[in-house]
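Spelled out, the chains give:
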Amino acid sequence: MIWRSVAELRQAVAAWHRDGLRVALVPTMGALHEGHLALVRRGFALADRVIASVFVNPTQFGPTEDFSAYPRREAEDSAMLAEVGAHGLYMPTADEMYPAGFSTTITVGGVSEGLCGAARPGHFAGVATVVAKLLLQARPDVALFGQKDYQQLQVIRRMVRDLDLGVQIEGVPTVREADGLAMSSRNAYLTPSERAIAPGLYRTLTAMAGRLSAGAAADEQEAWGREQLQSSGFSAVDYLELRDADSLQRLDRLDRPGRLLVAARLGRARLIDNVAVVTK
Ligand code: PAF
């Protein structure tokens, strides 16, 4: 079942709710891979009906970013969702999402600042606004997001709490290739030689996480990690930082549950990844 309008989507979800069924929503921008399918599969454990949305949201891309190049594969996405047993797909047009005169933006303070928020001004306002709209359009009981976009997940959690949106937010662990590279639609931009370098991102994070857990200072480890990435072929490291796992405030040393987050550039791709860092 494919819905293109809010009205069709709402009708389907309302009918399930009338039958007492729980509904899960998996918001995506398409170009689906195993990471997205893991969200759908987790949705089956939490709800009776699982639906996905595919919408490449223009407002979360900066003027020099890859909005027009972003992979669009509607037919393949729809087939993959059907194969995994999803109960429906919402694919709104840009006009349905942003009708003429649209003028509202949601800005989430605190967790949106720094990290990707610094490198991509306006990005999280675009994400928060479209996710709020998707949640209000579909009115699911639970919505699922990947931990690969960890800052995004924290922004969405904060927004849902602050605006009393009344939906459970479920973060699902990152799905990785056999060599550790986090699955991402943007991995398609990597050339074969860049693809060989890319798993260094996760290797660097895991090496740092072990030493941070053992009490090493964050600034020393961050300098070591940057050096590792740059010498292995990453052209720039936008950030590589230890943060509080919940508030995303900077940590100098691990004294509570932490998250180590990175964004680095490799050819045309800007890759992000993160790992949990726990005290021993
Ligand atoms: O993570 C994504 O794919 C997007 O940022 C999201 C949450 C679907 C909003 O456009």
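Colleague: Where do I start with the side chain of Arg-259 in this structure?
Modeller: Note on placement: Arg-259 falls in strand E8 (residues 258–266). Despite its burial, Arg-259 remains without a salt bridge, the nearest opposite charge being carried by Asp-273 at 7.3 Å. In this structure the side chain of Arg-259 is engaged in a polar contact, spanning 2.8 Å, whose partner is the side chain of Asn-274. If near-sequence neighbours (up to four positions away) are discounted, Arg-259 is found in contact with Gln-147, Tyr-150, Glu-241, Leu-242, Arg-243, Ala-245, Asn-274, Val-275, Ala-276 and Val-277.

Colleague: Just checking my understanding: could you explain the site of the ligand for this structure?
Modeller: Lining the immediate surroundings of the ligand are Pro-27, Thr-28, Met-29, Asn-57, Gln-60, Val-130, Val-131, Phe-145 and Gln-152. Gln-60 has a polar side-chain atom sitting 2.6 Å from an oxygen atom of the ligand. A distance of 2.7 Å is found between an oxygen atom of the ligand and a side-chain nitrogen or oxygen belonging to Gln-152. Taking 290 Å² as the accessible area of the ligand by itself, protein coverage stands at 90%. For the shell around the ligand, the secondary-structure elements that each account for two or more residues are strand E2 (23–28) and helix H6 (123–138).

Colleague: Explain the nonpolar core here, please?
Modeller: By size, the foremost hydrophobic cluster in this structure holds 43 residues, and its most contacted members are Ile-51, Val-131, Met-159 and Ile-169. Those elements giving two or more residues to this core turn out to be helix H1 (6–18), E2, H6, strand E5 (142–146), helix H7 (150–162) and E8. Here this core takes nine residues from H6, the largest share from any one element. Ignoring sequence-local partners within four residues, the contact set of Val-131 consists of Phe-145, Ile-156 and Met-159.

Colleague: I would appreciate a short explanation of the sheet that holds strand E6 (residues 168–172) in the present structure.
Modeller: Sheet strands pair via backbone hydrogen bonds, and the direction of the pair is either parallel or antiparallel. If you trace the six strands from one edge of the open sheet to the other, you get E1-E4-E3-E2-E5-E6, paired in parallel fashion. Every other strand in the sheet has two partners, leaving strand E1 (2–3) and E6 as the edge strands with one partner each. Relative to strand E3 (residues 49–54), E2 runs parallel, the two being bridged by six bridges. The partner of Pro-27 across the bridge, within E3, is Ser-53. Here H6 sits on the sheet in contact with E2, E3, strand E4 (88–90) and E5, set at roughly 150 degrees to E2.

Cut-offs used in this document
Within each chain, residues carry numbers counting from 1 in the order of the written sequence. Note on the predicted model: pLDDT of at least 70 is required for a residue's local features to be given, and 80 or more for side-chain atom pairs to be given and counted; whole-chain, interface and lining totals, by contrast, use all residues. The basis for every side-chain value is the complete set of non-hydrogen atoms in the structure, without hydrogens or water. Segments assigned H or I by DSSP are reported as helices when at least four residues long, segments assigned E as strands when at least two residues long, and all are numbered from the N terminus. Partly exposed residues are those whose accessible area sits between 20% and 50% of the maximum for their type, while under 20% is buried and over 50% is exposed, using a 1.4 Å probe and protein chains only. In summary, the charge assignment counts Lys and Arg as positive and Asp and Glu as negative, without counting His or the chain termini. Salt bridges are defined by distance alone: a side-chain nitrogen of Lys or Arg within 4 Å of a carboxyl oxygen of Asp or Glu. We call two N or O atoms a polar contact when they sit within 3.5 Å, provided that within protein one can donate a hydrogen and the other can accept it, with sequence-adjacent residues counted only if both atoms are side-chain atoms. Contacts between residues were defined by any pair of non-hydrogen atoms, one from each residue, lying within 4.5 Å. Here, proximity means that at least one heavy atom of the residue falls within 4 Å of the molecule or strand. Only the protein chains shown count as cover for residues, and the accessible areas themselves come from Shrake-Rupley with a 1.4 Å probe. Within this scheme, the nonpolar core is defined by two criteria: the residues are buried Ala, Val, Leu, Ile, Met, Phe, Trp, Tyr or Cys, and they are joined through side-chain atoms within 4.5 Å. At least two DSSP bridges between two strands are needed for those strands to be called paired. Each axis is a line fitted through C-alpha atoms, and for a helix only the stretch in contact is used; angles between axes span 0 to 180 degrees, taken between their N-to-C directions.

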